[in-house]
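Read off the chains here:
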Amino acid sequence: MADFPVIKAEAKCGGIVIKDEWPGYHLDLFTFPEHYSGDLECVYLPHGIIMDRTERLARDIMDDLGDHDIVVLCVLKGGYQFCADLVEYIKALSRNSNKSLLMRVDFIRLKSYLNDKSTEDLHIVGAEDLSVLNGKNVLIVEAIVDTGKTMKALLKHVETFKPKMVKVAGLLVKRVENAVGRSPDYVGFEIPNRFVVGYALDYNEYFRDLNHICVISESGKMKYKI
């Protein structure tokens, strides 16, 4: 098995940096649903590594926000698995440490992709009334940040409800040209600009049922293109 392609976390995003040349793990080394045979190039981040990194992010969040009340704002649909696992780790830490973190979880849905391209047409669903955020400490949980345009628009919208503080946790941050806005405060992995699926990340609503984060193949893109 190839060595995992990490270098020391950098100040740029604070996450584990995956090198541009990392080819991923061969699919034969892992299990995945047979109905996606031929649709994937490689396993990019195995499920176990995702979980370990998420547990570390939960500890960092507890260190920073412990003994506060927070509203966790989960960005659907792609962020639901990361958010669920992150909240479970935070709950476990709250039970087994001197610090506690009282959490309320709310949901918002963003849609800006057509096939594998991010578009300028951003739809925010469930954002009509976020008055619960007024005066609260807010943790936005997002699975992936690429150009930053979507997150910038969401942060601008959230700020209209006058929260006390806003932090962002992002499992993945892509290295892309012309990125805008701020990086998440808590980052799992910084990855090259490759289209990844799995762990609730989708391509036209497919691949959410993968445990691992994988790179979709060109044949997979064509198969599920709309």
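Look above for the structure.
Report follows, based on the coordinates. All residue numbers refer to position in the chain's written sequence, counted from 1. Local features in this predicted model are restricted to residues of pLDDT 70 or higher, and side-chain atom pairs are both shown and tallied only at a pLDDT of 80 or more, whereas totals for entire chains, interfaces and linings draw on every residue. Where side-chain values are given, they derive from all heavy atoms of the structure, hydrogens and water being excluded.

1. Side note on the overall build of the protein
Reasoning step 1: For the purposes of this entry, the term helix denotes a DSSP run of H or I that reaches at least four residues, the term strand denotes a run of E that reaches at least two, and both are numbered from the N terminus. Each helix and strand counted, the protein has four helices and 11 strands in total.
Reasoning step 2: When burial is assessed residue by residue, the protein has 49% of its 226 residues classed as buried.
Reasoning step 3: Should any heavy atoms of two residues lie within 4.5 Å, those residues are counted as being in contact. Looking at the protein alone, contacts between residues at least 24 apart form 67% of all its contacts between residues at least 6 apart.
Reasoning step 4: Using a 1.4 Å probe, the Shrake-Rupley method yields the accessible areas, and only the shown protein chains count as cover for residues. Accessible surface, the protein: about 11400 Å² in total, of which carbon and sulfur atoms supply 50%. Exposure categories follow from relative accessible area, calculated using a 1.4 Å probe and restricted to protein chains: below 20% of the type maximum is buried, above 50% is exposed, and the middle band is partly exposed.

2. Quick look at the nonpolar core
Reasoning step 1: In this text, buried Ala, Val, Leu, Ile, Met, Phe, Trp, Tyr and Cys residues form a nonpolar core when linked through side-chain atoms within 4.5 Å. Leu86, Leu172 and Phe207 are the most contacted members of the largest nonpolar core, which has 51 residues in total.
Reasoning step 2: Sort the elements by how many residues they give to this core and helix α1 (residues 47–65) lands first, with seven residues.
Reasoning step 3: In this structure Leu172 touches Leu45, Ala143, Ile144, Val145, Phe189, Ile191, Val196, Leu201 and Ile213, once residues within four positions along its chain are discounted.
Reasoning step 4: The next biggest cluster of nonpolar side chains, apart from the first, holds 20 residues, and it includes Leu73, Val132, Leu133 and Val138.

3. Here's the deal with α1
Reasoning step 1: To estimate the expected span of a helix, count its residues, drop one, and scale the result by 1.5 Å. Over its 19 residues, α1 extends 26 Å from the first C-alpha to the last, a length consistent with the 27 Å expected when each residue adds 1.5 Å.
Reasoning step 2: All of the buried residues in α1 are Ile50, Met51, Arg53, Thr54, Leu57, Ala58, Asp60, Ile61, Met62 and Leu65.
Reasoning step 3: One or two positions beyond α1, positive phi appears at Asp67, with a value near 70 degrees.

4. Details of the packing of aromatic side chains
Reasoning step 1: When two rings of Phe, Tyr or Trp (its six-membered ring) have centres within 6.5 Å they constitute a pair, described as stacked for plane angles under 30 degrees, edge-to-face for angles over 60, and tilted for the intermediate range. Tallying each qualifying case throughout the model produces seven aromatic pairs.
Reasoning step 2: With 5.7 Å between their ring centres and 85 degrees between their planes, Phe195 and Tyr203 make a pair best called edge-to-face. We note that Phe195, like Tyr203, is buried.
Reasoning step 3: On the numbers, 5.3 Å between centres and 85 degrees between planes, the contact of Phe207 with Tyr224 is edge-to-face. Residue Phe207 is found in the loop between β10 (196–197) and β11 (213–216), and its partner Tyr224 is found in the segment after α4 (218–223); the two are separated by 17 residues along the sequence.
Reasoning step 4: Under the relative-accessibility criterion, Phe207 is labelled buried at 0%.
Reasoning step 5: Ring pairs connect the aromatic residues Tyr36, Tyr206, Phe207 and Tyr224, which therefore count as one cluster.

5. Description of the environment of Gly24
Reasoning step 1: Counting through the fold element by element, Gly24 comes out in the loop between β2 (16–18) and β3 (40–45).
Reasoning step 2: Expressed as a C-alpha distance, the spacing of Gly24 and Val215, which sit 191 residues apart in the sequence, is 8.3 Å.
Reasoning step 3: Apart from residues lying up to four places away in sequence, Gly24 is in contact with Cys42, Val43 and Tyr44.

6. Some points on the side chain of Arg208
Reasoning step 1: Along the chain, Arg208 falls in the loop between β10 and β11.
Reasoning step 2: A relative accessible area of 16% places Arg208 in the buried class.
Reasoning step 3: Apart from residues no more than four positions distant in its own chain, Arg208 is found in contact with Lys77, Gly78, Tyr80, Tyr199, Ala200, Leu201 and Asp202.

7. Re the sheet that holds β11
Reasoning step 1: By definition, two strands form a pair when at least two bridges between them are found by DSSP. Read from one edge to the other, the open sheet built from three strands follows the order β3-β11-β10, with strand pairing classed as antiparallel. Of all the strands in the sheet, the pair left with one neighbour each is β3 and β10.
Reasoning step 2: By the bridge criterion, two bridges tie β10 to β11 in an arrangement that is antiparallel. Considered in β11, the bridge of Val196 is made with Val215.

8. Details of the pattern of salt bridges
Reasoning step 1: The working definition used for a salt bridge is a side-chain nitrogen of Lys or Arg within 4 Å of a carboxyl oxygen of Asp or Glu. Following the criterion strictly, the structure yields 12 salt bridges and no others.
Reasoning step 2: The salt bridge involving Glu205 is made with Lys77; its shortest N-O contact spans 3.3 Å. On the criterion of sequence distance, the pair formed by Glu205 in the loop between β10 and β11 and Lys77 in the loop between β4 (69–76) and α2 (80–95) is long-range, its members being 128 residues apart.
Reasoning step 3: When its relative accessible area of 38% is taken as the criterion, Glu205 is described as partly exposed.
Reasoning step 4: For Lys77, a relative accessible area of 31% gives the class partly exposed.
Reasoning step 5: Its salt-bridge partner being Lys221, residue Glu218 comes within 3.3 Å of it at the nearest N-O pair.

9. Some remarks on the pairing of strand β9 (residues 186–191)
Reasoning step 1: Extensive coverage of β9 is indicated by the burial of six of its six residues.
Reasoning step 2: Across two bridges, β2 lies against β9 in parallel orientation. The residue of β9 that forms the bridge with Ile16 is Phe189.
Reasoning step 3: Summarising the sheet, strand β8 (residues 165–174) and β9 pair through five bridges and their orientation is parallel.

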